[in-house]
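Topology and contacts: notes
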Amino acid sequence: MRIVSRILLLVTSALFLSLSASAQEVETGTKAGESFRLKSEIRQERRDSIRAHKKVWVSVLGGPSYTPEASLGLGGAVLTSFRVNRRDSVSYRSFIPAGINVSINGTIVVAGTGTLFFNENRLRVYLKYEFRNEPAHYYGKGFDAIESVVRSDTTTRFKKTSFLFYPRVVWELKPGFFLGPAAEVSFASSKDINPVMAEDPYFNAFKPSYLNVGLGGVIQYDTRDDISTPTRGMLVSGTGKVFSHIFGGRYDYQMLDLEYRQYARVFRPRSVLAWTARTQMSFGDVPFTELPMFGTPNDLRGYYWGQYRDKTMAYAIAEYRHMFGSEEAYRKGRFYSKLGFVVWGGAGTIGNTPAEWTRWKWNFGAGIRIQVQPHKNFRFDVGKAPGQKGLLFYMNMTEAF
């Protein structure tokens, strides 16, 4: 009996020592894991802090690209953000993106839309610039002419070289209320005109090459929490421009642009429902390259660029944007928190006047997002136009609207 008692005592002691050692190992492992995660979070916060105060922060993405107009090539996007005044901690970081595409059919495109912030966000400079040397397509003006032409090298294609510089400067007069001047300088040259285009009456009303110079003003009500990637707030904007030979351009015409955007968080902080409605109305001798149109990378993605154009245009889009993870996960450096997706649907129309807005073209698509800087995304979108063969692909910095 004494022997059995000793054996039980030895087993109990061994088991107690084993459990104590295991518990110590678990506690040590837990502390090591917590220490590793803490160090990782500290490193990420230090990197974000350094980047947030950097004078200039440049992000670059690129690779093979393909579009129906440009064919196979190399495309990329560069996002440069910076603080105009490092002592101004209230202003957003100014940003200037650039999309670049060079393809085997001779296409060269450099384009971007950025914003500069001054004086605690009260002074803003919006910049849009563009250089394009590419094969382009002209289908005509108005639904009847456009939908009677089949897209091909001998019916719609021509060679276009164009340049655009479009600055706007606005000052905050009251909270959210901005007002300021606008200017636009553009040049367009058309070559290698196809036989169908050569007989188009609207195309023949203008010279093959021309310079346009316009002056005007901007009025805005803006409560967005961010300019490049808003999650809350709204924008109501009106822009009017007068183009005239008096300013140095060739043709005299006027352009009115009205736009409404709204953003709301849904489901969770990093899920956003965005919607917009926009109209452009032109008056006078508007060259065919300057006619209001939809189908650009910033509206109804899925239609060919410039396919639908007329003296007036309108469209509406609703888009759901979802970024994975939380802001805390992003601050901790979790890779998945820099990824997201979007889906959208919309419709657009054209007409010589708004009274002709009776036929609408529908559109839908989806895309992926990669956050390259805080609140600034690289986007890759795939759009579809019902009734039109194939899909169209888009690669840009910052959101469509």
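Residues numbered from 1 in each chain as written. Predicted model: local features only at pLDDT ≥ 70, side-chain atom pairs only at ≥ 80, totals over all residues. Heavy atoms only, no water.

In this sheet, strand 8 (residues 209–222) lies alongside strand 7 (residues 177–191) in antiparallel orientation, the contact comprising 13 bridges. In the strand pairing of strand 8, serine 186 is matched with asparagine 212. Strand direction decides the pairing type here: strand 8 and strand 9 (residues 233–243), joined by nine bridges, are antiparallel. The residue bridging leucine 215 from the neighbouring strand is valine 242, located in strand 9. (Pairing = 2+ DSSP bridges. Helix = DSSP H or I, 4+ residues; strand = E, 2+ residues; numbered from the N terminus.)

Moving on: unusual backbone geometry. With a phi close to 55°, glutamate 120 is a non-glycine residue in the positive phi region. On the secondary structure map, glutamate 120 appears in the loop between strand 4 (108–118) and strand 5 (123–137). Relative accessible area serves as the criterion here: at 37%, glutamate 120 is assigned to the partly exposed category. Of note, the phi angle at asparagine 121 is positive, near 75°, even though the residue is not glycine. Along the chain, asparagine 121 falls in the loop between strand 4 and strand 5. (Buried < 20%, exposed > 50% of the residue type's maximum accessible area, 1.4 Å probe, protein only.)

Looking now at the packing of aromatic side chains. Considering all chains together, one arrives at 17 aromatic pairs under this definition. Both rings, one in tyrosine 138 and one in phenylalanine 288, keep their centres 4.9 Å apart while their planes meet at 70°; by these two values the pair is edge-to-face. With tyrosine 138 in the loop between strand 5 and helix 2 (143–146) and phenylalanine 288 in the loop between strand 11 (271–284) and strand 12 (293–294), this residue pair connects regions lying 150 residues apart in the sequence. Considered together, tyrosine 138 and phenylalanine 288 belong to a single accessibility category, that of buried residues. Within the aromatic cluster, the residues linked to one another by ring pairs are Tyr138, Phe158, Phe203 and Phe288. Seen from the ring of phenylalanine 401, arginine 321 lies directly overhead, with NZ or CZ sitting 4.8 Å from the centre. (Phe/Tyr/Trp six-rings, centres within 6.5 Å; stacked < 30°, edge-to-face > 60°. Lys NZ or Arg CZ within 6 Å of the ring centre and 35° of its normal.)

Right, let's talk about the pattern of salt bridges for a bit. The final tally for this structure, using the stated rule, is 22 salt bridges. Residue arginine 124 is joined to aspartate 222 by a salt bridge in which the shortest nitrogen-to-oxygen separation is 2.9 Å. Of this pair, arginine 124 sits in strand 5 while aspartate 222 sits in strand 8, and the two are 98 residues apart along the sequence. Using a relative accessible area of 6% as the deciding quantity, one classes arginine 124 as buried. You can call aspartate 222 buried: its relative accessible area is 6%. Here lysine 241 makes a salt bridge to glutamate 184, at a shortest N to O gap of 2.6 Å. Of this pair, lysine 241 sits in strand 9 while glutamate 184 sits in strand 7, and the two are 57 residues apart along the sequence. (Salt bridge = Lys/Arg side-chain N within 4 Å of Asp/Glu carboxyl O.)

With that out of the way, let us pick up the nonpolar core. One finds Phe294, Tyr308 and Ile350 to be the most contacted residues of the largest nonpolar core, which totals 22 residues. Elements with a contribution of two residues or more to this core: helix 2, strand 11, strand 14 (312–323), strand 15 (339–351) and strand 18 (392–397). Setting aside residues up to four positions removed in sequence, isoleucine 350 forms contacts with Gly142, Phe143, Ile146, Phe294, Tyr308, Arg309, Asp310, Thr312, Met313, Glu356 and Trp357. In terms of nonpolar packing, the next biggest core, distinct from the first, is built from 16 residues, Ala136, Phe158, Tyr210 and Tyr253 among them. (Core = buried A, V, L, I, M, F, W, Y, C linked by side-chain atoms within 4.5 Å. Contact = heavy atoms within 4.5 Å.)

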